[in-house]
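Listed below are the residues making up each chain.
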Amino acid sequence: MLERFRQTGIRLDREGRLWHEGAEIEHAGLRRAILRWLDHREGDGRPILRLDARRYAYIDVEDAPLLVTALRWDGDRATVTVNDGTEEPLAYATVTVQASDNALYCRVREGRIEARITTRAAQVLSRRIDEDGDLFVLHAAGQRFAIAPR
């Protein structure tokens, strides 16, 4: 019974839009709150909205839960802007590529959540990506990071 109450009916599409009962959630403050509450359930990894250590509800996620909307280089170090309004250093070793469409992804929030790197941010990131045989390699922070398939 409790599991049924945890169903929010909220859906997050691939473009980062939030929907509830067929209508897009457009209130900026509510959108920011929902994106900041995004987490995953320990054990099965299901996407959830976490209110605190004990309270959570499920959310349907079409692709990655978050989006990297911007990326900037400061020397050889990158900082990403996430669509939840936060900024953090890019976790270089977590960058992956989706074979079907070459979309790039990374982990944010200390590796807890996956984010799809939007086209604009990927263009900035790609300035430091080279092909090395069958691999793509990211040059950052004085190192080479192989970009694994997602």
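Basis of the calculations
- Residues numbered from 1 in each chain as written.
- Predicted model: local features only at pLDDT ≥ 70, side-chain atom pairs only at ≥ 80, totals over all residues.
- Heavy atoms only, no water.
- Helix = DSSP H or I, 4+ residues; strand = E, 2+ residues; numbered from the N terminus.
- Rg over C-alpha atoms; globule rule 2.2 N^0.38 Å.
- Buried < 20%, exposed > 50% of the residue type's maximum accessible area, 1.4 Å probe, protein only.
- Contact = heavy atoms within 4.5 Å.
- Lys, Arg positive; Asp, Glu negative; His and termini not counted.
- Charge placed at Lys NZ, Arg CZ, Asp CG, Glu CD.
- Pairing = 2+ DSSP bridges.
- Salt bridge = Lys/Arg side-chain N within 4 Å of Asp/Glu carboxyl O.
- Phe/Tyr/Trp six-rings, centres within 6.5 Å; stacked < 30°, edge-to-face > 60°.
- Lys NZ or Arg CZ within 6 Å of the ring centre and 35° of its normal.

Novice: Got a minute to help me understand the overall build of the chain in this structure?
Specialist: Each helix and strand in the chain was counted, giving three helices and 15 strands. At 17 Å, the chain has a C-alpha radius of gyration in line with the 15 Å of a compact globule built from 150 residues. Sorting the 150 residues of the chain into buried and exposed places 39% on the buried side. Long-range pairs, those at least 24 residues apart, make up 46% of the contacts in the chain with a sequence separation of at least 6. When the 24 positive and 25 negative side-chain charges of the chain are each reduced to one mean point, those points stand 5 Å apart.

Novice: I tried to follow the pairing of strand S15 (residues 143–149) on my own but got confused; where do I start?
Specialist: Regular strands have side chains that alternate between both faces of the sheet. Where strand S10 (residues 96–97) meets S15, two bridges bridge the pair, whose relative direction is parallel. Looking at the pairing, Thr96 lines up with Ala148 of S15. Where strand S14 (residues 135–140) hands over to S15, the hairpin turn is made up of two residues, of which Ala141 adopts a positive phi near 50 degrees.

Novice: Sorry if this is basic, but what is going on with the pattern of salt bridges here?
Specialist: When the charged atoms of two side chains with opposite charge come close together, those side chains can pair. Going through the model one piece at a time under the given rule, you end up with 16 salt bridges. Among the ionic pairs, Arg112 bridges to Glu42, the shortest N-O distance being 3.5 Å. Remark: Glu42 occurs in the loop between strand S4 (38–40) and strand S5 (47–50) and Arg112 occurs in the loop between strand S11 (104–108) and strand S12 (113–117); sequence separation between them is 70 residues. Linking Arg116 and Asp63 is a salt bridge whose minimum nitrogen-to-oxygen distance equals 3.4 Å.

Novice: Looking at this model, I keep getting lost on unusual backbone geometry. Mind explaining?
Specialist: For residues other than glycine, phi is negative in most cases, and the peptide bonds are mostly trans. The phi dihedral of Arg109 is positive, around 55 degrees, even though this residue is not glycine. Note that Arg109 resides in the loop between S11 and S12. A positive phi angle, close to 50 degrees, is found at Ala141, a residue other than glycine. Examined against the element boundaries, Ala141 turns out to sit in the loop between S14 and S15.

Novice: Any chance you could explain the sheet that holds strand S9 (residues 87–89) here in plain terms?
Specialist: What links the strands of a sheet is backbone hydrogen bonding, and the strands pair in either a parallel or an antiparallel sense. In space, the nine strands of this open sheet follow the order S9-S8-S7-S12-S11-S10-S15-S14-S13, with mixed pairing throughout. Because the sheet does not close on itself, it has two edges, and the strands there are S9 and strand S13 (129–132).

Novice: So what exactly am I meant to see when it comes to the packing of aromatic side chains here?
Specialist: For any two aromatic rings, the description comes down to two numbers: the centre-to-centre distance and the angle of the planes. One pass over the full model with this rule turns up two aromatic pairs. When the ring centre of Tyr58 is taken as reference, the NZ or CZ atom of Arg46 above it lies at 3.6 Å. The ring of Trp73 carries the charged tip of Arg128 above its face, separated from the ring centre by 4.2 Å.

By themselves, these figures tell us nothing about what the structure is for.
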